[in-house]
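Topology and contacts: notes
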Amino acid sequence: MKKVLVFTLAASLVACKAPKPKSVEEANPVEYANTITPDELREHLFTFASDEFEGRETGEPGQKLAAEYLKTEYKKLEIPSPLGEDDYFQEVPSSVFTRGDVKPSENVLAYIKGSTLPEEVLVISSHYDHVGIDDEGNIFNGADDDGSGTVAILEIAEAFKKAKEDGFGPKRSILFLNVTGEEKGLVGSKYYTDNPVFPLAQTVTNLNIDMIGRIGEGKEEAGDYVYLIGSDKLSTELHELSEAVNQKYLNMELDYKYNDENDPNRFYYRSDHYNFAKNDIPIIFYFNGVHEDYHQPTDTPDKIEYDLLAKRAKLIFLTAWEVANRDQRPFVDKPTLAEEAGE
Ligand SMILES: [Zn+2]
């Protein structure tokens, strides 16, 4: 009798110590969005877009250094790779590059496993390669293109990780996908969607970031804005979710100018999200528009608008939070690209 009593007491003490299971609905995502700060973005970018990284040309030493930088940061954050162990790199072989002679390269992958719907995956992507050094030795630092998207992903990943540590991990899994070879023709993202680590049928959405650190041509007088492209192309629900998140938390100007089918720039087809859209996965592409330093050696980290970059990264984080945590994945109600082409 006595023995049993002691045991019961011990068991109840243990039970008291274990944290009460939490529901993500109790969390305030703004608390985690606010861990994304201009100072941390600046610190990352002044390294990532420095001359030491030699313009991060695909397959070249600067790109390798950039890949190592990302791996080191994910390890510091204790965010694992879906490839297991210490392997954060998906090798992209030379043979898949069709423009010129490109050495093997790698996509960098990290992920947070979902709590209740781990088999469903949200992909947040940006390319981390750029165009290297020209014949005169000018280094193209690519601070905006796409250092801005890359460091935004690191901060978004950190915010999700902090939430998870507080017991508010996302319901769905989130893959942080830093792709290579964008500047060689969207090669890294194509390689990923041809060789997905998670089934594409279970990939619920792709949020792609390519250039969100500057003010684009013609937007000099605008307030806080970002161009959104593709949000309504496959899923009305994703578009409405994105609008609602912005209205609730940030109230930025979401500019859909480049979402127009007749826009000659055709940006919907020009960055890595396209490889997901092609596979019927709803996407949103976040973009600041082009500017005088686009693809110039003058795209340097001192010219980045860090407050605006942080605000845009928060918008993407909060949108990702909603996609990862709502009951249903965004419903595809629009014709797919194949259907539109009459295939
Ligand atoms: Zn780019």
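These lines cover the structure that appears in this document, whether it is placed above or below. (Residues numbered from 1 in each chain as written. Predicted model: local features only at pLDDT ≥ 70, side-chain atom pairs only at ≥ 80, totals over all residues.)

Our next topic: the overall build of the protein. Counting its secondary structure elements, the protein contains ten helices and eight strands. For 343 residues, the compact-globule formula gives about 20 Å, and the C-alpha radius of gyration of the protein, at 21 Å, lands near that figure. Each principal axis of the C-alpha atoms in the protein carries an extent, and together these give about 85 × 45 × 40 Å. When burial is assessed residue by residue, the protein has 50% of its 343 residues classed as buried. Here the analysis covers contacts within the protein between residues at least 6 apart in sequence; of these, 83% occur between residues at least 24 apart. (Helix = DSSP H or I, 4+ residues; strand = E, 2+ residues; numbered from the N terminus. Rg over C-alpha atoms; globule rule 2.2 N^0.38 Å. Buried ≥ 20, exposed ≤ 12 C-beta atoms within 10 Å, placed from the backbone. Contact = placed C-beta atoms within 7 Å.)

This part is about the pairing of strand 5 (residues 203-209). The buried count for strand 5 comes to seven of seven residues, which makes it a mostly enclosed element. Pairing of strand 3 (residues 117-127) with strand 5, which is carried by five bridges, proceeds in the parallel orientation. Paired with Val121 across the strands is Thr203, a residue of strand 5. When strand 5 meets strand 8 (residues 283-287), the two strands line up parallel, connected through four bridges. Looking at the pairing, Leu207 lines up with Ile284 of strand 8. (Pairing = 2+ DSSP bridges.)

Attention now moves to the sheet that holds strand 2 (residues 105-112). Taking strand neighbours across the sheet as the criterion, the eight strands line up as 1-2-4-3-5-8-6-7 in an open arrangement whose pairing is mixed. Of all the strands in the sheet, the pair left with one neighbour each is strand 1 (89-92) and strand 7 (253-255). Neighbour to neighbour, the strand axes of the sheet diverge by 25 degrees on average, direction disregarded. Bridge count for strand 3 against strand 4 (residues 172-179) is eight bridges, and the pairing is parallel. Among the inter-strand pairings, His127 is bridged to a residue of strand 4, identified as Val179. (Axes fitted to C-alpha atoms, helices over the stretch in contact; angles between N-to-C directions.)

Take the nonpolar core next. Within the largest apolar cluster, 88 residues are counted, with the highest numbers of intra-cluster contacts made by Ile124, Ile156, Ile174, Ile316, Phe317 and Ala320. The element best represented in this core is helix 9 (residues 306-325), accounting for twelve residues. Leaving out residues up to four positions away in the same chain, Ile156 has contacts with Ile36, Ile124, Ala313, Ile316, Phe317 and Ala320. (Core = buried A, V, L, I, M, F, W, Y, C linked by C-beta atoms within 7 Å.)

Once that is clear, we can look at unusual backbone geometry. The omega torsion across Asp145 and Asp146 is -10 degrees, close enough to zero to call that bond cis. Structurally, Asp146 is set in helix 5 (residues 143-165). Even without glycine at this site, Glu78 takes up a positive phi of about 60 degrees. Within the element layout of this structure, Glu78 appears in the loop between helix 4 (61-76) and strand 1. Positive phi, normally seen in glycine, also occurs at Asp280, with a value near 65 degrees. Along the chain, the position of Asp280 falls in the loop between helix 8 (273-277) and strand 8.

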